[in-house]
Structures are given as structure tokens and as C-alpha cells.
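Listed below are the residues making up each chain.
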Amino acid sequence: QVHVVESGGGLVQPGGSLRLSCEAGGVIPSINTMDWYRQGPGKQRELVASVGLGGSTNYAASVKGRFIVYKDSVTNRAFLQMNSLEIEDTAVYYCSVEVLTPQPTGGVSRRTYWGQGTQVTVSS
């Protein structure tokens, strides 16, 4: 079983910074992607940033240039450095992890695991 835990959320003033952490634990043969999503009040969940197997990254247009996503493959952790935070960044931030598991018959199975989320509130 795989568990995913986020941490690092909190209250910050506009213009401030926070760093979120995501740790995947359990039996993990390989991780394909570690993604950060968020869901603001009254909004749908949206993809914020992702880091792939080889370290490639992608960002939503709304956070590009302000957020940085990176990972530590040794410890199965991902981080989201959030700078120049805006009130609109207020949301619950979730980490999702796609785990790859080799199958006895060949091929690889993929399964995504989610954390419980961490609240980020940007307010003056």
C-alpha cells in the first residue's frame, strides 16, 4: 500500500512564500509523476505543477514564474516552492503520485495515489 502525505501549508500574506512537501511512502517500485493540484473555494480542482520521471516539469499558466516544483527521487518526495503568493492562490493543495509496478506477465501497471491535502491561505 502507498500513502501520500502533504505538509507545509499555512497562512501567509500576499507577496509571501511557502514551500509545500509531499512524501510518498510504502511499497513503491517506481514513480512516474508527482503532481500538485489545488482546489480553491467554490472552484474545481486544477493541476498546478507536475514533475516527471526524468525531472521534467510543467506548470499552470497562473503560477508559471512564481512556483517551482522539484523532487528528491531517493526519498520519494516532491516540493512546491511558492513565491509571490496572491490571494487567488488560496486553496487546499493536494499531491498525487503515479506509481509504476512491473507485472509478472510483462508490462507495467499504473496507479495514482492522493494525499489528504494541505490548506494554503493567502490573506492580509
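Here is what the cut-offs are and how they apply
Residues numbered from 1 in each chain as written. Predicted model: local features only at pLDDT ≥ 70, side-chain atom pairs only at ≥ 80, totals over all residues. Heavy atoms only, no water. Core = buried A, V, L, I, M, F, W, Y, C linked by side-chain atoms within 4.5 Å. Buried < 20%, exposed > 50% of the residue type's maximum accessible area, 1.4 Å probe, protein only. Helix = DSSP H or I, 4+ residues; strand = E, 2+ residues; numbered from the N terminus. Contact = heavy atoms within 4.5 Å. Disulfide = S-S within 2.5 Å. Pairing = 2+ DSSP bridges. Polar contact = N/O pair within 3.5 Å; in protein donor to acceptor, adjacent residues only side chain to side chain. Salt bridge = Lys/Arg side-chain N within 4 Å of Asp/Glu carboxyl O.

Chemist: Tell me about the nonpolar core, and name the residues and values.
Modeler: Formed by 30 residues in total, the largest nonpolar core has its most connected members in Trp36, Leu80, Met82, Tyr93 and Val97. Contributions of two or more residues to this core are made by strand E1 (2-7), strand E3 (18-26), strand E4 (30-39), strand E5 (46-51), strand E7 (67-72), strand E8 (77-82), strand E9 (91-102) and strand E11 (118-122). Examining the composition of this core, we find that five residues originate from one element, E9, more than from any other. Discounting residues that sit within four places of it in the chain, methionine 82 has contacts with Gly16, Ser17, Leu18, Leu20, Arg66, Phe67, Tyr93 and Val120.

Chemist: Could you give an account of the state of the cysteines, naming the residues involved and the relevant values?
Modeler: By definition, a disulfide links the sulfur atoms of two cysteine residues through a covalent bond. One pass over the structure, following the stated rule, counts one disulfide. The disulfide partner of cysteine 22 is cysteine 95, and the gap between their sulfur atoms is 2.0 Å. Residues cysteine 22 and cysteine 95 are joined by a disulfide whose S-S torsion is about -75 degrees; by sign, that bridge is left-handed. With cysteine 22 in strand E3 and cysteine 95 in strand E9, this residue pair connects regions lying 73 residues apart in the sequence. Using a relative accessible area of 1% as the deciding quantity, one classes cysteine 22 as buried. The buried category is assigned to cysteine 95, whose relative accessible area is 0%.

Chemist: Account for the pairing of E4, naming residues and giving values.
Modeler: Note: E4 against E9, eight bridges, orientation antiparallel. Pairing of isoleucine 31 across the sheet is with valine 99, part of E9. As paired strands, E4 and E5 are joined by five bridges and run antiparallel to one another. Residue pairing across strands places tyrosine 37 opposite leucine 47, the latter belonging to E5.

Chemist: Got a sec to walk through the side chain of aspartate 89? Specific residues and values, please.
Modeler: Among the structural elements, aspartate 89 can be located in the loop between E8 and E9. A polar contact is formed between the side chain of aspartate 89 and the side chain of arginine 38, at a distance of 2.9 Å. Within the structure, aspartate 89 has its side chain in polar contact with the side chain of arginine 66 (distance 2.7 Å). In contact with aspartate 89, other than residues within four places in its own chain, are Arg38, Arg66, Phe67, Ser84, Val120 and Val122.

Chemist: Give a detailed account of the pattern of salt bridges, specifying residues and quantitative values.
Modeler: Applying the stated criterion across every chain yields a total of six salt bridges. In this structure, the salt-bridge partner of aspartate 89 is arginine 38, at a minimum N-O distance of 2.9 Å. One end of the pair, aspartate 89, is in the loop between E8 and E9; the other, arginine 38, is in strand E4, with 51 residues separating them in the sequence. A salt bridge links arginine 66 to aspartate 89; the shortest N-O distance between them is 2.7 Å. Of this pair, arginine 66 sits in the loop between strand E6 (57-59) and E7 while aspartate 89 sits in the loop between E8 and E9, placing them 23 residues apart in sequence. Across the pair, aspartate 89 and arginine 66 agree in class, each one buried. A single salt-bridge network, built from bridges that share partners, covers Arg38, Glu46, Arg66, Glu86 and Asp89.

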